[in-house]
Amino acid sequence: MTSFVEKFKIPYNESVEWDRTVGKPEIERLGLCGNTNTTKKSTVKGTNKFTWQARLDKLEESGQLSTSDRDFLEELESKGFQDKVCILPKGHKGKCSHKPYLPKVTKEIRAKKGEKKSALQKIIEGLVYKICDPENNPGGDPLPLQNRGGSRNNLTMIDKETEKTIRALAKKKRKTKYYKNLAIRLSMGASNTMISLAILDMLALVYHVKGAKEIFETYSEITPEYVKILKQRWKELKNSNLFADRPLVIFDENDNLQSPISNKTIELEQFGKGHTDLQGIQFGHIQPISEDKWMTRPSNVMPLPRHCNLKQSNSSLNDVPIEQLNDALKTVRRLKEHGALTNEYKSIMKQFKDLSD
Ligand SMILES: [Zn+2]
C-alpha cells in the first residue's frame, strides 16, 4: 500500500516547480514583500509542543506514518512549508501580513441595541470570510479528521483511502475525539506561495464587487499603492485569455464582478450566506481541485454564487457555458421533434443565429 506521504509528494513536487517558475516570479513582478513566517505557529494547549508535531505523533501511532516519512515531513517544516508569505507591497511600513487590508467592522457599523448583527456587519464579515477562503480548508463535515480552521499548507494532508482507514480505526478504538483535527484532505492542499497569491486574487476580485470599494476605503490602512496592485490584478484576471481556449467573462457592463455562469452582477448582500442560500457566495475554482494538482492558486480562484458552484460540480468552470449551450440545444431539438417549437423559441434561435455570424 502506498503511504499517504507518497501520495502527498505528487502535488507537492508539482508545487515546488510551480513556486520556482511561477509563484516566486509573480511575487517579484507584482512588487510584493514576499517575507515568510509572518505568524506564530500554534501549540497544543498547556504544552510547548507544536500542533503539527502532535498531529504527526497521532499519525505515527495509528500506523499510517513511518519514521522515514516523518523525517521527510519534518524536513519540509524546517524548509518553511507551513510558513505564511507577506503580500504587502515591497518596502511596506509596519508588520508583515499574509492577509492584509481586510475590511473591519468599525464602531459606526456595529449592531444597534436589540439587533444581533447589523446588515453591514454581516456583509463585511462575509467579505472577510471569502478573502480568507484560499487560506483555510473548509469545514462543514461533522466526521472526524476534518479540520475546519486548518490552513491549506498543513503538513498533514491525507488522501481519501488513508482518511477512511483512520476513521475506521478511530471508530474501533472509540477514539474519534483523539483523531479530530488530525489532517486535511489532500485535495484541499496548497503551497504557501499558492495561498498568498490566491488571497491577493480573491482580494482583487472581492474589491471589485459592486459597492465593496466604499467599504474597503473606510479602512485607513488601504494605501494607494496597494489599490494599484489590486487594480492591476483585476485587469489581468479580466483578460479572458487567461482561461485558456474557453474564455469566461467575469465582469459586467459597469466593470463589477459577475458570475461567468449566470452573467449576473454579484451583490454585497450575497456574501456570508454561502451555505444557506443558493445566491450565497462560495469559494470556487476555475479548474477543479484534485489529489494530483492543488488548485488553490492565482488565476484559479473565484467567488461564485452557490447555484453556479453546484452547476459546475466537478467540471472545469470553462466547460460550464459549453454544457449549458449543449443542454439548451438538446431542449430545442426535442421540442422540434415533437412539433412543440413555439415562436418564442424560434425568436431566441434567430438571435443565436445573428450572433454566430
Ligand atoms: Zn512584509
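Residues numbered from 1 in each chain as written. Predicted model: local features only at pLDDT ≥ 70, side-chain atom pairs only at ≥ 80, totals over all residues.

1. Thoughts on the overall build of the chain
Inference 1: When its secondary structure is counted, the chain shows 11 helices and 4 strands.
Inference 2: Summarising its shape, the C-alpha atoms of the chain cover approximately 70 × 50 × 50 Å along the three principal directions.
Inference 3: The burial tally for the chain puts 34% of its 357 residues in the buried class.
Inference 4: Long-range pairs, those at least 24 residues apart, make up 71% of the contacts in the chain with a sequence separation of at least 6. (Helix = DSSP H or I, 4+ residues; strand = E, 2+ residues; numbered from the N terminus. Buried ≥ 20, exposed ≤ 12 C-beta atoms within 10 Å, placed from the backbone. Contact = placed C-beta atoms within 7 Å.)

2. Section: unusual backbone geometry
Backbone phi values are negative for most residues with the exception of glycine, while trans is the configuration of most peptide bonds.
Inference 1: With a phi close to 65°, Asp255 is a non-glycine residue in the positive phi region.
Inference 2: Residue placement: Asp255 occurs in the loop between helix H8 (224-238) and strand S3 (281-285).
Inference 3: For Ser299, which is not a glycine, the phi torsion comes out positive at approximately 65°.
Inference 4: Mapping Ser299 onto the fold places it in the loop between S3 and strand S4 (301-305).
Inference 5: Since 18 C-beta atoms lie within 10 Å of it, Ser299 is described here as partly exposed.

3. Considerations on H8
Each α-helix winds once per 3.6 residues, and so residues spaced three or four apart point in a common direction.
Inference 1: A rise of 1.5 Å per residue sets the reference length of H8, with its 15 residues, at 21 Å; its end C-alpha atoms lie 21 Å apart and thus fit the reference within 8%.
Inference 2: For H8, the set of buried residues is Tyr226, Leu230, Arg233 and Leu237. Angularly, the buried residues of H8 cover 65° about the axis, an arc narrow enough to put them on a single face. In H8, the exposed positions that point more than 90 degrees away from the buried face belong to Pro224, Lys228 and Lys235.
Inference 3: Lining the buried residues of H8 we find helix H6 (192-207). (Expected span 1.5 Å × (residues − 1). Arc of directions from axis to C-beta.)

4. A word on the packing of helix H4 (residues 119-132) against H6
Inference 1: Two elements in contact, H4 and H6, have axes separated by 8 Å at closest approach and are oriented at 145°. The residues of H6 that touch H4, namely those facing Leu127, Lys130 and Ile131, are Ile199, Met202, Leu203 and Val206.
Inference 2: Its residues assigned to classes, the contact of H4 with H6 shows 6 nonpolar, no polar and 1 charged. (Axes fitted to C-alpha atoms, helices over the stretch in contact; angles between N-to-C directions. Nonpolar A, V, L, I, M, F, W, Y, C, P; charged D, E, K, R; others polar.)

5. Quick word on the environment of Ser316
Inference 1: Position of Ser316 among the secondary structure elements: in the loop between helix H9 (306-312) and helix H10 (320-337).
Inference 2: Each C-alpha atom, one on Ser316 and one on His285, is 8.0 Å from the other, the two residues being 31 residues apart in sequence.
Inference 3: When sequence neighbours within four positions are dropped, the list of residues in contact with Ser316 reads Ile286, Gln287 and Pro288.

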